[in-house]
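Descriptive structure summary
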Amino acid sequence: MKVNLSEAKNIIKKYCAKEGALIPLLQDVQAIYGYVPEEVVELISKELSIFPVEIYGVLTFYAQFYLTPRGKHTIKVCQGTACHVMGGGEILSYLSDTLGIREGETTEDGIFSLERVACLGCCGMAPVIMVDNDFYGKCTIKKMEDILSNYQKEKSI
Ligand code: FES
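Everything quoted here is computed from the prediction, not taken from an experiment.

All right, on to the side chain of serine 96 then. You can see serine 96 is positioned in helix α6 (residues 88–99). What makes serine 96 buried here is its relative accessible area of 16%. What serine 96 contacts, discounting residues up to four positions off in sequence, is Ile101, Arg102 and Leu114.

What follows concerns the packing of helix α2 (residues 22–33) against helix α3 (residues 38–48). Between α2 and α3, the least distance of the axes is 12 Å, while the angle of their chain directions is 145°. You can see that α2 and α3 cross each other, and the crossing is right-handed. Contact with α2, carried on its side by Leu22, Leu25, Leu26, Val29 and Tyr33, involves Val40, Ile44 and Leu48 of α3 and no other residues of that element.

A few words on the environment of glutamine 79. For glutamine 79, the position within the fold is in the loop between β1 (73–78) and α5 (81–85). Sequence separation between glutamine 79 and methionine 125 is 46 residues, and the spatial gap between their C-alpha atoms is 13 Å.

Per the counting criterion, the structure on display carries 3 aromatic pairs. When the ring of phenylalanine 112 is compared with that of tyrosine 151, the centres are 6.4 Å apart and the planes differ by 75°; the resulting orientation is edge-to-face. Taken as a pair, phenylalanine 112 in strand β2 (residues 112–117) and tyrosine 151 in helix α7 (residues 141–156) lie far apart in primary sequence, 39 residues in all. Of the two residues examined, phenylalanine 112 and tyrosine 151, each falls in the buried class. Of the aromatic side chains, those joined through ring pairs into one cluster are Phe61, Tyr62 and Phe65. Here the basic side chain of arginine 70 rests over the ring of tyrosine 66, its NZ or CZ set 3.9 Å away from the ring centre.

Moving on: the domain arrangement of the protein. Here the protein is partitioned into domain 1 (6–61) and domain 2 (73–156). Once you take the C-alpha centre of each, domain 1 and domain 2 turn out to be 31 Å apart.

Bringing the nonpolar core into the picture now. Judged by nonpolar contacts, the single largest core of 22 residues is most densely connected at Leu26, Ile44 and Ile55. Counting only elements with at least two residues in this core, the list comes to α1 (6–15), α2, α3 and α4 (52–61). In terms of residues, this core owes the most to one element, α2, which gives 5 residues. Sequence-distant contacts of isoleucine 44, defined by excluding residues within four places in its chain, comprise Ile12, Leu22, Leu25, Leu26, Ser49 and Ile55. Membership of the second largest hydrophobic core comes to 18 residues, among which are Ile75, Phe112, Val131 and Leu148.

Quick notes on the rules
- Residues numbered from 1 in each chain as written.
- Predicted model: local features only at pLDDT ≥ 70, side-chain atom pairs only at ≥ 80, totals over all residues.
- Heavy atoms only, no water.
- Helix = DSSP H or I, 4+ residues; strand = E, 2+ residues; numbered from the N terminus.
- Buried < 20%, exposed > 50% of the residue type's maximum accessible area, 1.4 Å probe, protein only.
- Contact = heavy atoms within 4.5 Å.
- Axes fitted to C-alpha atoms, helices over the stretch in contact; angles between N-to-C directions.
- Left-handed = near helix turned anticlockwise from the far one by under 90°.
- Phe/Tyr/Trp six-rings, centres within 6.5 Å; stacked < 30°, edge-to-face > 60°.
- Lys NZ or Arg CZ within 6 Å of the ring centre and 35° of its normal.
- Domains from an automatic or database assignment.
- Core = buried A, V, L, I, M, F, W, Y, C linked by side-chain atoms within 4.5 Å.

Right, dumping it as structure tokens:
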């Protein structure tokens, strides 16, 4: 799919005179596109005279940046110590098998992206997952079935 670069051009204009503004610029790009498209990296490189390798260095260093389109919903599965001990690994395997994707990937229908994360800060509820901004604690496989089903129903509405 061709990326519309007009938004990116506006963002670059906003930051072009600012020293050390690459990270906020990339954050703005991601806020618009949902990820940082290759075409935008090329544009930033050309407009701001920054080598693409430098831009990719920043993009791959910070976990907040995505280089591929994200799903409508991002499922973060905690693999911190408490969640690991309480079965977080099985939850992650179940979601990966059921959705047919591995960590860092997005389902073909563009509904879900799957991520492994460290402690989400509510270990007493382990194992924990987060879908977008919603927390789900004391997760079981049954609970995962219900959660996925709810988000998939939303898709068909
Ligand atoms: S280890 Fe999962 S919430 Fe802390």
